[in-house]
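Coordinates in review
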2 protein chains.
Amino acid sequence: MSLLVTGSIGIDTVTTPHGQAEEVLGGSSVYFAFAATQYTPVRFVGVVGDDFPPEFRDVLASREIDLTGLEVRAGSKTFRWTGKYVGDMGEAETVDVSLNVLAEAAPKVPAAFVDSEVVFLANTHPALQREMLAQVKAPRLTVCDTMNLWIANEREALFETLKVVNGVIINDGEARQLAEQANLVTAGKDVLKLGPDFVVIKKGEHGALLVTADGATAIPAYPTENVKDPTGAGDSFAGGMLGYLASQGKFDTATLRRALLRGTVTASFAIEDFSLRRVRNVTRQEIDERTAELVEMLRID
Amino acid sequence: MSLLVTGSIGIDTVTTPHGQAEEVLGGSSVYFAFAATQYTPVRFVGVVGDDFPPEFRDVLASREIDLTGLEVRAGSKTFRWTGKYVGDMGEAETVDVSLNVLAEAAPKVPAAFVDSEVVFLANTHPALQREMLAQVKAPRLTVCDTMNLWIANEREALFETLKVVNGVIINDGEARQLAEQANLVTAGKDVLKLGPDFVVIKKGEHGALLVTADGATAIPAYPTENVKDPTGAGDSFAGGMLGYLASQGKFDTATLRRALLRGTVTASFAIEDFSLRRVRNVTRQEIDERTAELVEMLRID
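Residues numbered from 1 in each chain as written. Chains lettered and ligands numbered in written order. Predicted model: local features only at pLDDT ≥ 70, side-chain atom pairs only at ≥ 80, totals over all residues.

Thoughts on the packing of helix α6 (residues 172–179) of chain B against helix α7 (residues 184–192) of chain B
Residue and element names in this part refer to chain B. Under the convention used in this document: Every angle, taken between N-to-C directions, lies between 0 and 180 degrees, and every axis is a line fitted to C-alpha atoms, over only the stretch in contact when it is a helix. Only DSSP runs of H or I covering at least 4 residues are called helices, and only runs of E covering at least 2 are called strands; the numbering of each starts at the N terminus. We call two directions roughly parallel when the angle between them is under 35 degrees, roughly antiparallel when it is over 145, roughly perpendicular when it lies between 65 and 115, and oblique otherwise. Crossing handedness is read from the near helix: turned anticlockwise from the far helix by less than a right angle, it gives a left-handed crossing, and turned clockwise, a right-handed one. Contacts are defined on C-beta atoms placed from the backbone: any two residues whose C-beta positions lie within 7 Å are in contact. Basically, the charged four are Asp, Glu, Lys and Arg, the nonpolar ten are Ala, Val, Leu, Ile, Met, Phe, Trp, Tyr, Cys and Pro, and anything else, Gly included, counts as polar.
Running from N to C, α6 and α7 point in directions that differ by 60°, and their axes come no closer than 9 Å. On the basis of the axis angle, α6 is oblique to α7. In this structure, α6 meets α7 at a crossing whose hand is left-handed. Packed against α6, whose contacting residues are Asp172, Ala175, Arg176, Leu178 and Ala179, the element α7 presents Leu184, Ala187, Gly188, Asp190 and Val191 at the interface. Considering only residue class, the contact of α6 with α7 consists of 6 nonpolar, 1 polar and 3 charged.

Section: the relation of the copies chain B and chain A
Selection rule: When the copies are superposed, the least-squares fit draws on C-alpha atoms of residues that have pLDDT of at least 70 in both.
Between chain B and chain A, the superposition needs a rotation of 180° and an axial shift of 0.0 Å, giving an RMSD of 0.0 Å. Here the two chains are linked by the operation of a two-fold rotation axis. The overlap is high: 100% of the interface residues of chain B also sit at the interface in chain A, so the same surface is used on both sides.

Considerations on the environment of A:Thr40
All names here are of chain A. Applied cut-off: Three exposure classes are used, all based on how many other C-beta atoms lie within 10 Å of a residue's own C-beta (placed from the backbone): buried at 20 or more, exposed at 12 or fewer, and partly exposed between those limits.
On the secondary structure map, threonine 40 appears in the loop between α1 (28–36) and β4 (42–49). With 19 C-beta atoms packed within 10 Å, threonine 40 lands in the partly exposed category. Through-space distance from the C-alpha of threonine 40 to that of arginine 299 is 28 Å; in sequence the pair is 259 residues apart. In this structure, threonine 40 is in contact with Leu3, Gly243, Ala246 and Ser247, ignoring residues within four places of it in sequence.

Examining the pairing of β4(A)
Residue and element names in this part refer to chain A. Our working rule: Pairing between two strands is assigned when DSSP locates at least 2 bridges connecting them. Whether a crossover is right-handed depends on one test, that the path from the first strand over the helix to the second runs clockwise when the strands point away from the viewer.
Buried residues dominate β4, accounting for 8 of its 8 residues. The alternating pattern of β4 places Val42, Phe44, Gly46 and Val48 on one face and Arg43, Val45, Val47 and Gly49 on the opposite face, and all of these are buried. Sheet topology note: the strand β1 (residues 3–6)/β4 ladder contains 4 bridges and is parallel. Its bridge partner being in β4, leucine 4 is matched across the sheet by arginine 43. Judged from the 7 bridges that link them, β4 and strand β5 (residues 65–73) form a sheet pairing that is parallel. Its bridge partner being in β5, valine 47 is matched across the sheet by glutamate 71. Following the chain from β4 across helix α2 (residues 54–61) to the adjacent parallel β5, one finds a crossover that is right-handed.

This is the structure we're talking about:
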């Protein structure tokens, strides 16, 4: 099935206890797209300023990422984020953020993309997510992400978006904040009541929880020691998950659970190096092998 | 295989957002014993004061718990703990603690117990753990717990204990503190270097991690919404795990992993009601059913 992603494209500067990456390609839809192309081509919709380095565009074009929907807006500047991870690198601290072109009009979904079957709305203002989704004719599966800022300040707009998506992929803190509920299983069930058919709660090193009408199931993360930079882990998770789902063309609970494994394994690679390095150079074979290892780990006879 | 536990026996008063339990039977070895008797009889070694209510002794005697090693010390008072859980009930806050008889001489391992094959040293001063263990002739499997207090203040004594046990069962915070390492997999491997053959890191709602020479494997917790009182969850985990291992009589990695499932399932029941209520009235059939449900949840085809 065709897969469309829309979200941020940024220039990141990130510091972790293991080093620094300066002025590198980043953004939610970029991590998502690299992760998803392991399974299926990606239709990419986003906007950058005219300061967007041509070599960054080349990096995107080096994969099966259709850039028809990438708008380079004259006179505008690309989104920039500077962040820092300390200690156990659980949560990023934003040192500096310049929304730039992200604060202007949204990009358009090109005509060639309006028949997209699977749509991922990476994190942005929930009203904008709905505006983007409305341009797609008859999607088979729509999934959104969100963040603490919108949960706190744009609650009503977010509730409207949750009414029109099939799934939501959020982290544990966001789930608790959205449902105003400490227990994650209950939080997931409460979010289901807002509209979606499934809720995926990402828990970083602790794996993920899938909540559907069938109940809640959990998977652990692939146990890894090699964590250099958590930037993009959540978007790589979503890309691995949705890319796999689009490649399977079905969304039943068993397929969703296999997709969750693909998500957590993709994220386990993403954090092994700075910026996009590992998401870019990981092979499908490496992903398949680590997935098989995780499946083996979960086998209880 | 025969299973011996030694640890605290207490009178607890616990408040959680769901209510309060006043002056109830508690203590690490008590939770452990109730959990373990689902699989095998338990030899119990501990000391209480002469204020220990006879009805509490009756509760212990109602199960296959051999109380030959329960010393009632004249003129001493029973250990008392008052604790509180708030918010997501992740960590207990100690409101009041009176060590009482626990600050005096250790109880003796009775002659009838010195041939015990599996020994669990519930949390107490590490030197005392070694003293108790030294009284057992030729144990086949010895496992200890510990806590932040000893990790911080009795590091050398704890290291000596870790040299003489086969396994250690600790929570994530304790593992990080003991290894001075944020990554839990690395922390587990570092603890292995101190002596044990395996390290179990309990992560509460996030399940558990098993680290052996074969590497690290993770299991998720049974996803539960019904959390009333987390008191004793860790000791119930250890009791379910060690009781199962003693009943199997072998300790290879595959058996350890099945034992981990038994531990996390036992803990998932323990937290469903105040004090020992649920650990006492849960049936083996309920445990088997929930374990089967968790195994099913982990099956990826």
